[in-house]
Structure formats: C-alpha cells, structure tokens
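Residue-level structure breakdown
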Amino acid sequence: MCGIIGITSNKSVSSAIINSLRKLEYRGYDSSGLATLSEGIIYEVKSEGRVDNLEKNLATKNMLGSVGIGHVRWATHGIPNTVNAHPHSSENVSIVHNGIIENSTILKKYLISKGHIFKSQTDTEVIVHLITEYLKENNLKDSIVKMLKQLHGSFALGIIFKDKPDLIVGARRGSPLAVGYGPNENYLGSDSYALKSMTNKISYLDDGEFCVLKKDQVDFFDENGKKVNKKVLELSSNEENYEKGEFKHFMAKEIEEQPTTLKNCIKEYIDNINNDINIFNIPWDLKEISSITLIGCGTAYHSCLMAKYWFEELTKLDVTIDIASEFRYRKNRFKKESLYIFISQSGETADTYAALDLCNKNKMKTCSVVNVIESSIARDSKFVLPIHCGPEIGVASTKAFLGQMMVLYIFTLKLAFLKKDLKKEIYIQKIKDLKNLPQLVEKTLLIESQIQTISSTFTDAKGSMFLGRGFSYPIALEGALKLKELAYVHAEGYPAGEMKHGPLALIEDGIPVVVLAPRDNYYQKTISNMQEVIARGAKVLLITNKSKDEVVSENIWQTIEVENANDDLLPFLLTIPLQKLAYYSALKKGYDIDKPRNLAKSVTVE
Ligand code: M6R
C-alpha cells in the first residue's frame, strides 16, 4: 500500500513526479503529496483525495527543484487528511513512507523527550524526527544506518535532505522499492510500473538495504552501511498495456482481455504439437512430492481453493490451503516432502510474502504463481510459475484470477501425469480441452445486456448470497467478493449444501441469490438447494452451462447460460458473468470501479 516516487535530475521534477504518482495511484488514493528541494529550501504540497487534487494544488504554487519525492497514501495511522498526507518534514529532511512502523509509540515518547514536536497522527513522523536527531551528531550514512536499526515493522522510504542538493536516500524492509536509471537523472519507485515511462533499466533493493541516489550515480548499501553491488535489469516495455484504450475502466478492459491472456498463458506452457505441458527446470523431483500447501489472500486465496478441488480430483496428493495472514502466525508443522505454493498477482502482498519467508527459513520447497515476475514473492521463491496476464491495474482482480486458475490447473495436470494418477489419453484430452478454453471464454463474454438489467436488483438489495457446490464453491466466494468490493453490497459466498445449517435464516422475500449450478456431478444437489431458497422467497439468478435439457425448476427469476466445457473448466466460464455483475452493479451506483473505497491494489501492510 502507498506509492513512493523520487527523482533526482538536472531539470525541474514536479510534473514528472505527478505523472508517476498517477501510475502509483492504484496502491493508495486517499491523499497525496510531493516535496522538492531547491537551493536549501524544501517545498511541500499535499492534498486530500486523488492526484488530480494535488495537481490542481500544485498549479497554484511555484515548486522549484530538480530533486523531489512524491507519495500516494493508503491510510494506516491517522485519518486521510492533508496533515497526515506524506511527505512529512522537519527543518532538515522530508520523507515519504510505505508500510508501518510498529514501535512508533515508543520512539515518539523518546523523541518528544528530546524536544521534537509532532504535527501529524502518523507513524511516519517518528522517522523524520529520528533521522533529524541522528544527523545532529553523525554523517548521513551513519545516521541512516542508526535510524534503520531503530525501526521495527515494514517500510520503504524516500528521503531528501535540505543540505544535500541532488541526493535522495531510499531504504527498504518488507515493502518493495526499485531504482531506475536515466540519462542525467535517477529514480526511486515503489514498483517498476511507476518508473517505466522514464526508464527500462532498473534494480531492486533487497530487504534491509538502502541506496543513495544522485543524478549521475547510485550506490547501494546493506543494513550495516557496507557497499553492495546490484544487477541492472532491463524491463520489456509494452506501454499500451498500461492504458485503458477505448474502455471506460481498466476493469472492463481486463475482463475483455481474458481470452487473450489465457491464450498467452497456454502458449507459454503447452506444447501444441505433442499436447504436453512444458514446465522446465523445477528444482525438485515432482514425483517425490506427496503433499501440497497453497497459500494466498483474497482472490488469490480463492484460486488456492479452486486448485484444491482439482488436485483432489486428479491426483492422490494431500492438499491443504491457507489464508496467508492466518498461516504466518499458526503453529506450523512443516513437511519436508510438501510443496508450498504461494499465489499472488502483485507478488508483493505482505502477508503472502511473510508466509513464503517463513517457509524459506524452514527450508521448505517453495514455489510461486505470480503475475509480476520482478516482484518480491517471485524473486524469493525457489521456483516461479508466471501467469502471463500483463499488468492488472483495476483494484478488483479479474484476469489474474483466471490466469492463476489456468496455471494451477496446468500444474495439477502435469503433476497428476508425472505421478501416474492420470492416464496418458486422459491427460492429452484434458490438454486439448484446455486449448479450446479461450474461445469459450470469448463467447461467454458476449453475455452483456441481460447482466446489465439484472444488476439493478443487486444494487438495490440490502444483501445477497452466492451459492455453489464442489468446483463452483470457490467461484461463489469470488463472485461475492467482487460484488462487495465494487458495489459495496453485502454479499456472502456459501457452499449451497450448508445453507440449512444457519444462513437459510437470512433468506427473505426478494433477496437476490446467485446459484452456480453447472451440469456437473453436483448439479442435482445444487438444484435442490436452490429450491430451498426459492421456497423462502429468494430471487434466484441461476448460472449454469448450455445444455439440450432444460432446467427442471419453476420460479427461477433469471437464468444465464455460459458455454459448455468439461467439468474441470466450467469454473473459468462461471466466473465471467459474476465479474460483469459486479462491474455493472458498481457502474449503476456511479462508484469508482478501478479504485474502490478503502482498498488498494497492492497490500504491502499486514
Ligand atoms: O496481489 P495479490 O494477488 O497477492 O493480492 C491479494 C488480494 O489482496 C487481492 O486478490 C484482493 O482480494 C483483490 N482486490 C480482489 O479483487
């Protein structure tokens, strides 16, 4: 959460900082600010709300300076207002911060006793005063080392100093930070996306490191201040992936892109000629793996749940799934023969990263399924399975969900085949079916006007339920999450068979209930559960797959039919109407679809 940018150059930097902040806005958007340095004066401007407000505010000021830092905030300590917006400054330094300082209360007490006066409610301000205090008696490098040793928690920092004309310090623990290299200027950024329009040459700070940027030089140091060397990576640049194009929202674009992103993924993993799966250089003998633990958060957790159903259906492996924020604090019994798979679109989710780190420290086999391949989770896991979706900018995850499911399904098939749980002819048939999936997704995407009409019922409802069994249950959870986060409608995802154990009490006249009942093994059972909610007044939207047989049930309010596919692949198709339902419900309410309230794309705090 929160986005950081820093630029040291030989020309004015404020408008370039604003441009980068726009790109970082997906990380936090409750307030923003920037500080520049010119001839020993730190200029500062901050605004509540979006970067647009900051830009308007900036237009009224004369922000000189060829060195500057900028920030978009997702509030942790202190309400989102101008006082709490970053940068935070003392007479000597100005700081932007992403993360949480866990010992800020203790540090604040100490600093107040030293005469420092605090202006904001943030934890960040302790960093400002701490570094100011150390600079009284130490040189810059020693002050940074001393200051970093005092901080507990996770952070990425960008700091400018009143008496250092062209210099920015960056530091990282837990939260990601990248350095970009340009002609006569250098950059600091929370991610490569913020830097891409300025450079394609970047380096990443490792945990505990800090860097000193000047316009023509960058030095990296470990936590003790010892110089370290860094690799410079070259980013592939495909700028149009970062634009909305003809679409009103990134989410709409990302939903429509799904046939293409699935095709890209298939191209990377499937040997078209032999109908085989290409997963090379795995550092372990997969045949020796006897259990799997899948870990993620939010939508990525739903992919874990989906994969559990596939692994159990197609292999004899013992499969456990976990929410990262729970896993990291439980008493874990690590299993040597287990493979720990971490799912994350951003690859920067703090809880997922912490769970990975824990497994690495316990010498487990770790693998990640990520979209951002330069991310911390990708870099620190022993094996990476990228989902090849391209940048996902909308806060609500759509194409990444299908991409995660696709890679997990491919991996399940490969493992099932290698472990001889799946016969060759079935393996080949399933790969052939998979190759056909992008086309089926494309056709399913054509469902449009019906969903637009249906969505009004959901926007007006005080609550809703999403039900499914078996393979459809994780998709019910995902559909409910999408509606909650985008349309701010209470939505509960539930296993259809569990309703009678409590939640049925919620069903009353007119409550919209989505029932996912594709014609798979669970079909009849789910239809019976559907009858139970209809009998109690629910307005049922049934989502099933096309079939010659009509659904034998009366009183269904609406039916949507997705394309037909083998049972394993139906979850991909069932997801599409649910994504659109959430999209149109939010659109009807006039909400900010790509940036829902209180959320951020990359959750880099606990
Ligand atoms: O980047 P990650 O996949 O690790 O993010 C995990 C969740 O924060 C994310 O899926 C979140 O639930 C989405 N906003 C859901 O649409």
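My aim in this report is to walk through the structure given alongside it, one point at a time. (Residues numbered from 1 in each chain as written. Predicted model: local features only at pLDDT ≥ 70, side-chain atom pairs only at ≥ 80, totals over all residues. Heavy atoms only, no water.)

With respect to the overall build of the chain
A count of helices and strands for the chain gives 18 helices and 27 strands. Over its C-alpha atoms the chain spans a radius of gyration of 26 Å, differing by no more than 12% from the 25 Å that the globule rule assigns to 606 residues. Considering the chain as a whole, with its 606 residues, one finds that 60% of them fall into the buried category. A sequence separation of at least 24 residues applies to 70% of the contacts in the chain between residues at least 6 apart. Counting every atom, the chain has about 24100 Å² of accessible surface; 48% of that belongs to carbon and sulfur. Distance between charge centres in the chain, computed from 75 positive and 74 negative side chains, equals 3 Å. (Helix = DSSP H or I, 4+ residues; strand = E, 2+ residues; numbered from the N terminus. Rg over C-alpha atoms; globule rule 2.2 N^0.38 Å. Buried < 20%, exposed > 50% of the residue type's maximum accessible area, 1.4 Å probe, protein only. Contact = heavy atoms within 4.5 Å. Areas by Shrake-Rupley, 256 points an atom, 1.4 Å probe, with all protein chains shown as cover. Lys, Arg positive; Asp, Glu negative; His and termini not counted. Charge placed at Lys NZ, Arg CZ, Asp CG, Glu CD.)

A few points about the sheet that holds strand 12 (residues 210-214)
To summarise the sheet geometry, strands pair through backbone hydrogen bonds and adopt either a parallel or an antiparallel arrangement. Reading across from one edge, 5-6-7-8-12-13-14 is the order of the 7 strands in this open sheet, with antiparallel pairing throughout. The strands lining the two open edges of the sheet, one partner per strand, are strand 5 (88-89) and strand 14 (227-228). Of the strand pairs in this sheet, strand 5 and strand 6 (residues 93-101) are connected by 2 bridges, and their pairing is antiparallel. Following the sheet pairing, histidine 88 is matched in strand 6 by isoleucine 95. (Pairing = 2+ DSSP bridges.)

Some points on the site of the ligand
Near the ligand there are 15 residues, and of these Ser344, Gln345, Ser346, Thr349 and Glu485 occur at the shortest range. The separation between an oxygen atom of the ligand and a polar side-chain atom of threonine 349 is 2.4 Å. Taking valine 395, its main chain carries an N or O atom lying 3.1 Å from a nitrogen atom of the ligand. Here the ligand, which alone exposes 410 Å², has 90% of that area covered by the protein. Listed by contribution, the elements that provide at least two residues to the shell around the ligand are helix 9 (298-314) and helix 16 (472-487). Residues of the shell around the ligand, tallied by class, amount to 6 nonpolar, 7 polar and 2 charged. (Near = heavy atom within 4 Å. Polar contact = N/O pair within 3.5 Å; in protein donor to acceptor, adjacent residues only side chain to side chain. Nonpolar A, V, L, I, M, F, W, Y, C, P; charged D, E, K, R; others polar.)

As for the pairing of strand 19 (residues 318-323)
Across 6 bridges, the pairing between strand 18 (residues 291-296) and strand 19 is parallel. If you follow isoleucine 292 over to strand 19, its bridge partner there is valine 319. At this point the chain moves from strand 18, through helix 9, to the parallel strand 19, and the crossover so formed is right-handed. (Right-handed = clockwise from strand over helix to strand, strands pointing away.)

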